[in-house]
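Architecture at a glance
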Amino acid sequence: MTAHLPTLNLIGAGRVGQTLARLWTQAGVFAVQDVLTTSTAGAQAACLFIGAGTPAPSLDAMRRADVCLIATTDAQIASSAAALAARMTMAQAGTAETRLVSSAKDATADPGAQGLRRPPTAFHCSGALPASVLAPLGALGWQVASAHPILSFATPEAACAQFAGTPCALEGDLAARALLQEAFAAIGAQCFEVRSQDKLVYHAAAVFATNFLPVLQSVAEDAWRASGVPEALLPHLRSSLLNNAVANITRLGPQGALTGPAARGDTAAIARQAAAVGAWDEKSGAAYAALSALALRLAGHTPPANGDAVL
């Protein structure tokens, strides 16, 4: 006899939602049930990629589930949680249809309904927002949490292939964290806990490590073009320098991989270059100065006391 799998509803089905739902389906962790997104066509495409689930035309049409992943954009997580909580409140009052994600009171009143013998769980995957943005559901007795895999979800296909070994930050209610620890571990994640008050700095670290790299590369290539480097050479420079830098950081760590004037403590050279870059592009000049100050600190060199010596 096949063991009952916890059911999972998906509100929002972008790259993160599709990736996780597909991996959990393949690993037999959750039974993906209803998928709600901005259009029926989008929900159908998501279900096709996931390999399970039924497109839901509206929040009202979603069936009861053990777990709900709110995988919308960060800006829509709080409003989605509030809308879901409002529908649950109406359902408890007997004014809404019964095909809804179950509330804790529903689970208690009907312990046989789809195996719901404990409060349902809701979570989101934002790296910057805490679980408390799901407070309207928590007020109804739900267990709420956030789970943030530190991975660049460029496409669902690529993310599925790259997911094994991904670190994943968990935060929120104890029971929800325990459930998600098990679920994410089953698809190869390395889970750890992060405090709610630390989430913004935690997520900013991921931005430094990933999102700023394309920005810096774009500035470098614009500066090369401005200084006369042939366009045909830029792909080679991009590939060779980035690959070598990543290899050095991986092998030696950030401090050991640092080169250039900051590694030598040559503040005079840094100041000349910062001035030249600032004359070319003001924002790039300010970034060069700020990053050079951080590079000097990494190298163990003390910048001059006025803090502006690299300008």
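What this report covers is the structure whose coordinates are included nearby. Nothing here was measured: the structure is a model prediction, and the numbers come from that model.

**Examining the overall build of the chain**
Each helix and strand in the chain was counted, giving twelve helices and eight strands. Buried positions account for 38% of the 311 residues belonging to the chain. Long-range pairs, those at least 24 residues apart, make up 62% of the contacts in the chain between residues at least 6 apart in sequence. As displayed, the chain offers around 15900 Å² of accessible surface, 59% of which is attributable to carbon and sulfur atoms.

**Considerations on the nonpolar core**
Considering soluble globular proteins, one finds that nonpolar side chains tend to be buried as a cluster. Counting 37 residues, the largest nonpolar core has Trp24, Leu69, Phe123 and Phe184 as its most contacted members. What Trp24 contacts, discounting residues up to four positions off in sequence, is Leu8, Val29, Phe30, Leu69, Phe123, Ala183, Phe184 and Ile187. Among the nonpolar cores identified, the runner-up in size contains 20 residues, and Leu59, Cys68, Leu134 and Trp142 belong to it.

**Things to note about the environment of Ala295**
Along the chain, Ala295 turns up in helix H12 (residues 282-299). Expressed as a C-alpha distance, the spacing of Ala295 and Leu258, which sit 37 residues apart in the sequence, is 7.8 Å. What Ala295 contacts, discounting residues up to four positions off in sequence, is Leu258 and Ala262.

**A closer look at the sheet that holds strand E8 (residues 190-193)**
Strand order in this open sheet of eight strands is E3-E2-E1-E4-E5-E6-E7-E8, and the pairing throughout is mixed. Strands at the two margins of the open sheet, each flanked by one partner only, are strand E3 (54-55) and E8. Both strand E1 (residues 7-11) and strand E4 (residues 67-70) contribute to a ladder of four bridges, which runs parallel. The residue of E4 that forms the bridge with Leu10 is Leu69. Relative to the sheet, helix H3 (residues 74-92) contacts E1, E4 and strand E5 (121-124), its axis offset from that of E4 by approximately 145°.

**Thoughts on the pairing of strand E7 (residues 167-172)**
Looking at chain direction, strand E6 (residues 143-149) and E7 are connected through five bridges and run antiparallel. Bridge pairing in E7 places Ala147 opposite Leu170.

**Regarding the state of the cysteines**
One pass over the structure, following the stated rule, counts zero disulfides. Of the cysteine sulfurs around Cys168, a residue in no disulfide, the closest is that of Cys191, at 4.6 Å. Classification of Cys168 by relative accessible area gives buried; the value is 0%.

Reading guide: rules and limits
Residues numbered from 1 in each chain as written. Predicted model: local features only at pLDDT ≥ 70, side-chain atom pairs only at ≥ 80, totals over all residues. Heavy atoms only, no water. Helix = DSSP H or I, 4+ residues; strand = E, 2+ residues; numbered from the N terminus. Buried < 20%, exposed > 50% of the residue type's maximum accessible area, 1.4 Å probe, protein only. Contact = heavy atoms within 4.5 Å. Areas by Shrake-Rupley, 256 points an atom, 1.4 Å probe, with all protein chains shown as cover. Core = buried A, V, L, I, M, F, W, Y, C linked by side-chain atoms within 4.5 Å. Pairing = 2+ DSSP bridges. Axes fitted to C-alpha atoms, helices over the stretch in contact; angles between N-to-C directions. Disulfide = S-S within 2.5 Å.

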